[in-house]
Amino acid sequence: MAQATTKPKLAVWKFASCDGCQLSLLDCEEELLQVADQVEIAYFLEASRATVKGPYDISLVEGSITTPHDAERIHQVRRASRYLITIGACATAGGIQALRNYKDVREFLSLVYASPQYIQTLSKSTPIHDHVFVDYELRGCPVNKYQLLEVLSALLNGRKPNIVPHSVCTECKRRGVVCVMVARGTPCLGPVTHAGCGALCPAYGRGCYGCFGPKETPNTASLSKRFKQLGMKEDDLVRAYRSFNAASELFRRESESHER
Amino acid sequence: MRGKNIKVDYLARVEGEGSLVVKFRGGQLREVQFQIFEPPRFFEAFLRGRSYREAPDITARICGICPVAYQMSAAHAMEDAFGVKVEGPLRDLRRLLYCGEWIESHVLHIALLHAPDFLGYQDALQMAREHPDLVQTALQLKKVGNDLVALLGGREIHPINVKVGGFYRVPRRRDLNEVEEQLKWAREAAVQLVKWTASLPIPLFERDYEFVALRHPAEYPFNEGRLVSNKGLDIAVDEFEAHIVEEHVPYSNALHARIAKRGAYVVGPLARFNLNFDRLSPLAQEVAKEVGVVPPCRNPFQSIVVRAIETLYACDEALRLIAQYTPPDQPAVEVHPCAATGHGCTEAPRGILYHRYRVDEYGIILDARIVPPTAQNQKSIEGDLWELVQANADLPQEELQWRCEQAIRNYDPCISCATHFLRLQVERE
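Computed from a prediction, not measured in an experiment: that's the story for all the values here. (Residues numbered from 1 in each chain as written. Chains lettered and ligands numbered in written order. Predicted model: local features only at pLDDT ≥ 70, side-chain atom pairs only at ≥ 80, totals over all residues. Heavy atoms only, no water.)

**Side note on the domain arrangement of chain A**
Residue and element names in this part refer to chain A.
In step 1: Here chain A is described as being made up of domain 1 (9-156) and domain 2 (168-257).
In step 2: Here the C-alpha centroids of domain 1 and domain 2 sit 25 Å apart.
In step 3: Of the roughly 1200 Å² buried between domain 1 and domain 2 on both sides combined, carbon and sulfur atoms contribute 59%.
In step 4: On the domain 1 side of the contact with domain 2, Tyr102, Arg139 and Cys141 bury the most area, a combined 48% of that side's loss.
In step 5: Our count for the domain 1 to domain 2 interface comes out at five residue pairs in polar contact (both at pLDDT 80 or more).
In step 6: Looking at side-chain class alone, the side of domain 1 that touches domain 2 contains eight nonpolar, five polar and one charged residues. (Domains from an automatic or database assignment. Buried area = accessible area lost by both parts, 1.4 Å probe. Polar contact = N/O pair within 3.5 Å; in protein donor to acceptor, adjacent residues only side chain to side chain. Nonpolar A, V, L, I, M, F, W, Y, C, P; charged D, E, K, R; others polar.)

Structure below.
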């Protein structure tokens, strides 16, 4: 068993997800041992078989709610946690799993599974904040590991995380990347997408595809107009807004407005 | 002796959510189940109606640990459908990217997930208190793999730079200088890692497995080759579905892959190593012989050593690829979609990952099939557990349970990957 300690207790919980966001914590190769110094890692199954009972000071929650069992379990996590932080697009916006929200999930079941009657699943994939109060939401598919460290550090020091809600465009300009849409006519979701990745795609010569979800007050209608001038069809627009943050309100509305 | 049931609700240090149930009745072993209760995730269904261009980005989201494998299998399958061949420096860059993922994924598993079992630690952080240098070095080595993926792919998890036909942007020669220096250090560190893993107390355990891996005429396999086994399988990738069947076993609610008319098989590091030892670099072969781990290696607990040898190979191969690199004229080959079916199979860190897509004339996906490595290993994992429990039934309960967990971790199971198609059973007692 882990030793008794007075350090804040950290727990990491997984719901429907790819494990990538909690892996970001293990990917902090240079900072991992320092983090482990500051907190007691009380529940983190991807890393340890030792678990410590709650309550926990900080709970990081990865993944979306897609089964009746998980819809119950998230309430237990909330009750056991002082601060509950969602990490990544699945936990914050339903993630790629929310593509099921636009289809008949029973049809999906029969496509993937041999005997669908045994599968327990909900018809929608929903973000954590649809079920319980969330103290802070970290965006991204996956999260940016430095933002994850910033959130942890802010909580440990009793301050607000310093994470800005502006667009990928702002990061692009800061990085000195030439605009792919203006210079080359490549459709890019950067103007409506939340910052956090460091304008990765434009820096690699491709248009942003929206991993971090909508920024605050995005003008999606105007961007869609420009996309059409660049040759995109209605179907393309539906797909563009409907990917890793398909259930976030602002992208959902825009995608639906292009559906025939 | 009375049978002792074992039940581990949430397996630790694996990727995703799985559980283990071992049941005795009247002192007799009755049931062994490696259960998967991770919520089902309908990727094959999500892919319908999406563009071929999106397949690498969408399938990457099946797994945060081996996204490159998904991107590679998806890209190759689409290129197969459209009759496109990616060669020269673009092909080399793909191998280089895969080297990064192998290093990152293998070292994560060796040092953070698996080694603590051999030494009796609950986790790597506990291990770090008594072996700080070792854990620090491993983290540094893992970082080199991640840095390589981030350099070529844009970021470590769900890279953004892979596309059907090649890449969005390719590095200049000088962009690789820094990582080349890191890799020289990493190669040395990997040699030490092989020696260290070989010095671990490795349980004696052997079974007669059928190993399945890709085999290429000249290379240790990443992206291409024929599917071969030590028991006579030798097929092209597009024959996969004719030879591999999925069966529904009554005691478990999961679909198990097996070779038609034969049975369980093993994919992953042990399979590649046993079938392709002669394709490893001279240094990797030499170090393997030095520590006495050579084919045929039938002890799954030795997979930790083989993973370290493959890590060494990946460092060596990455350095070779960088040394001969000249940037291509174009970052990608042009692709013209047509109505077709394409197959792709590449070597994920955990073993072969098969993709098949049917697309229409606009490149819109009509149908998709994905068979990840963990689904293929599941039957062998349960086979190991049967024998292990029977041979060690007199061990104290806690010790036997831990040994079973360790045996599952031999396969570095990626449960998140497997659940896009495995059937689900939640047992609550």
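**So, the sheet that holds strand S1 (residues 6-8) of chain B**
The strands making up a sheet associate through hydrogen bonds between their backbones, and the pairing can be parallel or antiparallel.
Residues and elements named next belong to chain B.
In step 1: Taken together, three strands build an open sheet; the order of strands is S1-S2-S3 and the sheet is antiparallel. Because the sheet does not close on itself, it has two edges, and the strands there are S1 and strand S3 (28-36). Between one strand axis and the next, the sheet turns through 10° on average, direction left out of account.
In step 2: Together, strand S2 (18-25) and S3 form the strand contacts of helix H12 (residues 373-391), whose direction differs from that of S3 by roughly 145°.
In step 3: Strand contacts of helix H13 (residues 397-409): S1, S2 and S3, with the helix running at about 55° to S1, the strand carrying the most contacts. (Pairing = 2+ DSSP bridges. Helix = DSSP H or I, 4+ residues; strand = E, 2+ residues; numbered from the N terminus. Axes fitted to C-alpha atoms, helices over the stretch in contact; angles between N-to-C directions. Contact = heavy atoms within 4.5 Å.)

**Regarding the packing of helix H4 (residues 88-119) of chain B against helix H11 (residues 303-323) of chain B**
In a packed pair of helices, the relevant descriptors are the angle between the two axes and the axis-to-axis distance.
Residue and element names in this part refer to chain B.
In step 1: Packing of H4 against H11 leaves a shortest axis separation of 8 Å and a crossing angle of 155°. Classified by the angle between their axes, H4 and H11 sit roughly antiparallel to one another. Regarding H4 and H11, the two cross each other, and that crossing is left-handed.
In step 2: When the residues that make up the contact of H4 with H11 are grouped by side-chain class, the tally is 16 nonpolar, five polar and five charged. (Parallel < 35°, antiparallel > 145°, perpendicular 65-115°, else oblique. Left-handed = near helix turned anticlockwise from the far one by under 90°.)

**Considering unusual backbone geometry**
Leave glycine aside and you will find that most residues have negative phi; peptide bonds, for their part, are mostly trans.
Residues and elements named next belong to chain A.
In step 1: Of note, the bond from glycine 54 into proline 55 is cis; its omega dihedral lies within 30 degrees of zero at 0°.
In step 2: Among the structural elements, proline 55 can be located in the loop between strand S2 (40-44) and strand S3 (56-62).
In step 3: Cis geometry marks the peptide bond from cysteine 141 to proline 142, where omega comes out at 5°.
In step 4: Along the chain, proline 142 turns up in the loop between strand S5 (136-138) and helix H6 (145-156).
In step 5: Not every positive phi belongs to a glycine, and aspartate 19 is a case in point at roughly 80°.
In step 6: Relative to the helices and strands, aspartate 19 resides in the loop between strand S1 (9-14) and helix H1 (20-26).

**Things to note about the packing of helix H7 (residues 177-198) of chain B against H11 of chain B**
Residue and element names in this part refer to chain B.
In step 1: Where H7 meets H11, the axes come as close as 8 Å, and the angle between the chain directions of the two elements is 160°. As the angle between them shows, H7 and H11 are arranged roughly antiparallel. With respect to the hand of their crossing, H7 and H11 are arranged in left-handed fashion. Facing Val179, Glu180, Leu183, Lys184, Ala186, Arg187, Ala190, Val191, Leu193, Val194, Thr197 and Ala198 of H7, the residues of H11 in contact are Ile304, Val305, Ala308, Ile309, Thr311, Leu312, Cys315, Asp316, Ala318, Leu319 and Ile322.
In step 2: Of the residues that constitute the contact of H7 with H11, the class distribution is 17 nonpolar, two polar and four charged.

**Quick notes on the packing of aromatic side chains**
In step 1: By the definition in use, this model includes 16 aromatic pairs over all chains.
In step 2: Here the aromatic rings of tyrosine 209 of chain A and phenylalanine 244 of chain A are separated by 5.8 Å at their centres, their planes lie at 65°, and the arrangement is edge-to-face. A residue pair is termed long-range when its members are at least 10 positions apart, and tyrosine 209 of chain A in the loop between helix H9 (200-203) and helix H10 (220-229) and phenylalanine 244 of chain A in the loop between helix H11 (234-241) and helix H12 (249-257) qualify at 35 residues.
In step 3: Here tyrosine 209 of chain A falls in the buried class, since its relative accessible area comes to 11%.
In step 4: Taken together, a centroid distance of 6.5 Å and an interplanar angle of 70° make the contact between phenylalanine 42 of chain B and phenylalanine 46 of chain B edge-to-face.
In step 5: Using a relative accessible area of 0% as the deciding quantity, one classes phenylalanine 42 of chain B as buried.
In step 6: The ring of tryptophan 402 of chain B is capped by arginine 49 of chain A, whose NZ or CZ atom sits 3.8 Å from the centre of that ring.
In step 7: When the ring centre of tyrosine 102 of chain A is taken as reference, the NZ or CZ atom of arginine 242 of chain A above it lies at 3.7 Å. (Phe/Tyr/Trp six-rings, centres within 6.5 Å; stacked < 30°, edge-to-face > 60°. Buried < 20%, exposed > 50% of the residue type's maximum accessible area, 1.4 Å probe, protein only. Lys NZ or Arg CZ within 6 Å of the ring centre and 35° of its normal.)

**A few points about the confidence of the model for chain A**
In step 1: Averaged over every residue, the pLDDT of chain A is 91; residues scoring 70 or more account for 92%.
In step 2: When pLDDT is averaged over each element of chain A, H9 of chain A comes out on top at 98 and helix H5 (residues 105-112) of chain A at the bottom at 64. (pLDDT = per-residue confidence, 0-100.)

**Observations regarding the sheet that holds S3 of chain A**
All names here are of chain A.
In step 1: An order of S2-S1-S3-S4-S5 is seen for the five strands of this open sheet, with the pairing classed as parallel. The open sheet has two edge strands with one neighbour each: S2 and S5. The sheet shows a mean angle of 20° between the axes of neighbouring strands, taken without regard to direction.
In step 2: Pairing geometry for strand S4 (residues 81-87) and S5, over three bridges, is parallel. For isoleucine 87, the partnering residue across the bridge sits in S5 and is leucine 138.

**Brief notes about helix H9 (residues 269-276) of chain B**
In step 1: Within H9 of chain B, eight of the eight residues are buried, leaving the element largely enclosed by the surrounding structure.
In step 2: Within H9 of chain B the residues assigned to the buried category are Pro269, Leu270, Ala271, Arg272, Phe273, Asn274, Leu275 and Asn276 of chain B.

**Focus: the pattern of salt bridges**
In step 1: Counted by the stated rule, this structure contains 48 salt bridges over all chains.
In step 2: The shortest N-O distance in the salt bridge between glutamate 259 of chain A and arginine 242 of chain A comes to 2.9 Å. One end of the pair, glutamate 259 of chain A, is in the segment after H12; the other, arginine 242 of chain A, is in the loop between H11 and H12, with 17 residues separating them in the sequence.
In step 3: The salt bridge involving arginine 94 of chain B is made with glutamate 79 of chain B; its shortest N-O contact spans 2.6 Å. Of this pair, arginine 94 of chain B sits in helix H4 while glutamate 79 of chain B sits in helix H3 (residues 67-82), and the two are 15 residues apart along the sequence.
In step 4: Judged by relative accessible area, which is 3%, glutamate 79 of chain B ranks as buried.
In step 5: Taken together, the shared-partner salt bridges connect Lys85, Arg91, Arg95, Glu219, Glu224, Glu317 and Arg320 of chain B into one network. (Salt bridge = Lys/Arg side-chain N within 4 Å of Asp/Glu carboxyl O.)

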